[in-house]
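Report on the structure
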Amino acid sequence: MNKHDPWEPLKQFTAARIAMGRAGSSIPVSNLLQFNVAHAHARDAVYSVLDREVLVEGLEQSGLPLLQVHSQARNRQEYLQRPDLGRLLDERSLEILNQHAGTPCDVSLVVADGLSARAVNAHAVAVLEVLTAMLQAAGHTLAPVCLATQARVALADPLAHALHARLSIILIGERPGLSAADSLGAYITYAPRPGLTDESRNCISNIRPQGLPYQPAAHRIFYLVQEALRRGLSGVGLKDNSLNQDSLEP
Amino acid sequence: MAYRHTIDQKTYQFADLKELLARATPLRSGDALAGLAATSYEERVAAQMALAELPLKTFLQEAVVPYEEDEITRLIIDSHNTAAFSSVSHLTVGDWRDWLLADEVDGTVLSNLKWGITPEMAAAVSKLMRNQDLIAVAKKCEVVTRFRNTIGLRGRFSTRLQPNHPTDDAKGIAASIIDGLLYGSGDAVIGINPAGDSPAHVLHLLQLLDSLREQFSIPTQSCVLCHLTTTLELIRSHAPVDLCFQSVGGTAQTNRSFGISLSLLDEAWDATGSLRRGTVGDNRMYFETGQGSALSANAHGGVDQQTCEARAYAVARKYEPLLVNTVVGFIGPEYLYDGKQIIRAALEDHFCGKLLGLPMGVDICYTNHAEADQDDMDNLLTLLGVAGCNFIMGIPGSDDIMLNYQSTSFHDALYIRKLLGLRPAPEFEQWLLAQGIADGTGKLVHTAAVNRLMHHID
């Protein structure tokens, strides 16, 4: 009953869903279900939550103190509709940060759920392991690592500012696509403070074993950190050969 | 000037016209995010009741964005045609809604009216209309445009073939184009969103599209959707530019954030025209819009996102475009939260655009963080097919692997054509027949063309 498309060999040239065949003129059921499972993975990722136990255990191995903070978005529904609230710390989190704000330091590390906690659960510990070792070997002082929920990228601004850090790195779950629901993004901001916008940041996207693997990802982040601290800037003025995918920013 | 309305002894007051319009708008997340939405169901209806009593003439006296500060307001007011307006100038917004639905008001009447109405009038009346009203009135309008084929004729339904690839790989793009052509897609345009915007890069893609079109004598037009300053540079070096693309917004400040102005659009319109590449007509611009762009650029000035969107159509219609595409669900749930809001916004945009005389198409789409899925898109596709929408997107399996969102597939277009008896643009339909891709009834047959097109890639 189904018609196959004789140009199936063209599939070798693209990951696009070509030569799917048809039932009547509609998509055959096997391809329909393949699409549905990809969308299901993406939807599940949006509503996934941070696995605190695994993350706390993994991050403590780096020997750094760990703080847990929350944005002003109270739940996922509010988070999705009010990106402004996801960029602000709630009162309790500000208190925690102020209690832990010590002497000025070089780098603040933030691990945030963003639009895919699943990505963070899968990859954040492995990236941080490599990255913190490199930062410490280079002699940089680190603020406590912060685990942030219902967080947008810009939550790192008030957070790192409260911890008196010269630079912030936030590892955050990216907007899930059909091809990958577990992509981690890293954003680097020099002189973090409330009110900054995207042109002040550098981004490294698609961090996952099938995309940009942990080691090269950590190296690229480290390279940008070194350059940003040396030149005293980040964002559009700091050229980077990584792919900037702003549209994926949570 | 302040407006007020009382329901059961409770009086609602609206500080000015833009506040009245915003409060009267059916609920959507973007207006709530901007702090402009009504705070209760009753307040929204109170605003709609006040709006219904407002004379249409008010919109010629009170601007939602100041005339002195905004070149789009100046364009709207300065190009308003008083003679065309005279047939409805005595009406209130509410009476105009009933007038639009009257049996005597047909496509000819509406076509004669289009330069007599402003985008704000269209936006205002849409806020008093249900989805069926938006469909019924839009269906009356026939907006036909031409370049290498004829788009928008009654009973026709076109697609933009969108063969994007994450690294702009030539063979990857060609594979998606061939897939689309063999599914009868691409009569509105074959249009690539490039992964990179450098002129050399865009030129390479333009040449790829042009050689394929020439080799198979396809009666359609191509476009690489880069910034119009890149297109201008390429036109100066004699690149094969068919259509000039640009995203446009409804406030001058939004367009500044896009890096454009009316004078730059004038320049691009002239330059593209100088190439004289159209064969059956000269509609040479391709615009994209979408509710929420002004808020996203922090340039809405207190105007609700649907009214901002309608104002973008004032920019578009100055340049007699071949295609206007409202990219309705791409922007995310902070502007349009779910399937219900996306569907409503698409029907509003299609209605307002058609009323203002534009060849409206819709990118029926959503992102994975929106509360929407393929079923919502099927609903919207069916509604837009009924409403007489000019074109939609055609993407392999609905999945754009470069822009990471879901739109309509080649199969979706075949579904709606078959369901409603709609056919491709006439010139393209003949080509599909001659190539052995489709038969005289529009059914895919895939005879001779398959091998020829497949071997193009080698």
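Another point: a nonpolar patch on the surface. Together, Val29, Leu32 and Leu33 of chain A make up a nonpolar patch on the protein surface, roughly 280 Å² of accessible area in all. With respect to the secondary-structure elements, Leu32 of chain A resides in helix H1 (residues 29–46).

Right, let's talk about the pattern of salt bridges for a bit. Tallied over the entire structure, the rule returns 33 salt bridges over all chains. Asp84 of chain A is the salt-bridge partner of Arg82 of chain A, the closest N and O atoms lying 2.8 Å from each other. Look at Arg82 of chain A and you get partly exposed, because its relative accessible area is 29%. The class for Asp84 of chain A is partly exposed, based on a relative accessible area of 26%. Through salt bridges that share partners, Arg148, Asp210, Arg213, Glu214, Asp242 and Arg277 of chain B make up one connected network.

Right, let's talk about the interface of chain B and chain A for a bit. Between chain B and chain A, the contact holds 42 residues from the first and 38 residues from the second. At the boundary of chain B with chain A, total buried surface from both sides reaches about 3400 Å², with 60% on carbon and sulfur atoms. Of all residues in chain B, Asn368, His369 and His411 of chain B give up the largest surface area on contact with chain A, accounting jointly for 19% of the area buried on that side. Inspection of the region where chain B meets chain A yields 2 salt bridges. Close ionic contact of Arg43 of chain A with Glu371 of chain B constitutes a salt bridge, the shortest N to O distance being 2.9 Å. Along the contact surface separating chain B from chain A lie 13 residue pairs in polar contact (both at pLDDT 80 or more). Residue assignment for the side of chain B that touches chain A shows that the elements contributing at least two residues are helix H2 (29–33), helix H11 (170–182), helix H20 (410–420) and helix H22 (449–456) of chain B. Counting residues per element, the side of chain B that touches chain A draws most heavily on H11 of chain B, which supplies 7 residues. A class-by-class count of the residues in the side of chain B that touches chain A yields 19 nonpolar, 15 polar and 8 charged.

The rules behind the values
Residues numbered from 1 in each chain as written. Chains lettered and ligands numbered in written order. Predicted model: local features only at pLDDT ≥ 70, side-chain atom pairs only at ≥ 80, totals over all residues. Heavy atoms only, no water. Patch = residues over 30% accessible without salt bridge, like charges linked within 9 Å, V, L, I, M, F, W, Y side chains within 5 Å. Areas by Shrake-Rupley, 256 points an atom, 1.4 Å probe, with all protein chains shown as cover. Salt bridge = Lys/Arg side-chain N within 4 Å of Asp/Glu carboxyl O. Helix = DSSP H or I, 4+ residues; strand = E, 2+ residues; numbered from the N terminus. Buried < 20%, exposed > 50% of the residue type's maximum accessible area, 1.4 Å probe, protein only. Contact = heavy atoms within 4.5 Å. Buried area = accessible area lost by both parts, 1.4 Å probe. Polar contact = N/O pair within 3.5 Å; in protein donor to acceptor, adjacent residues only side chain to side chain. Nonpolar A, V, L, I, M, F, W, Y, C, P; charged D, E, K, R; others polar.

Just geometry here; none of it tells us what the structure is for.
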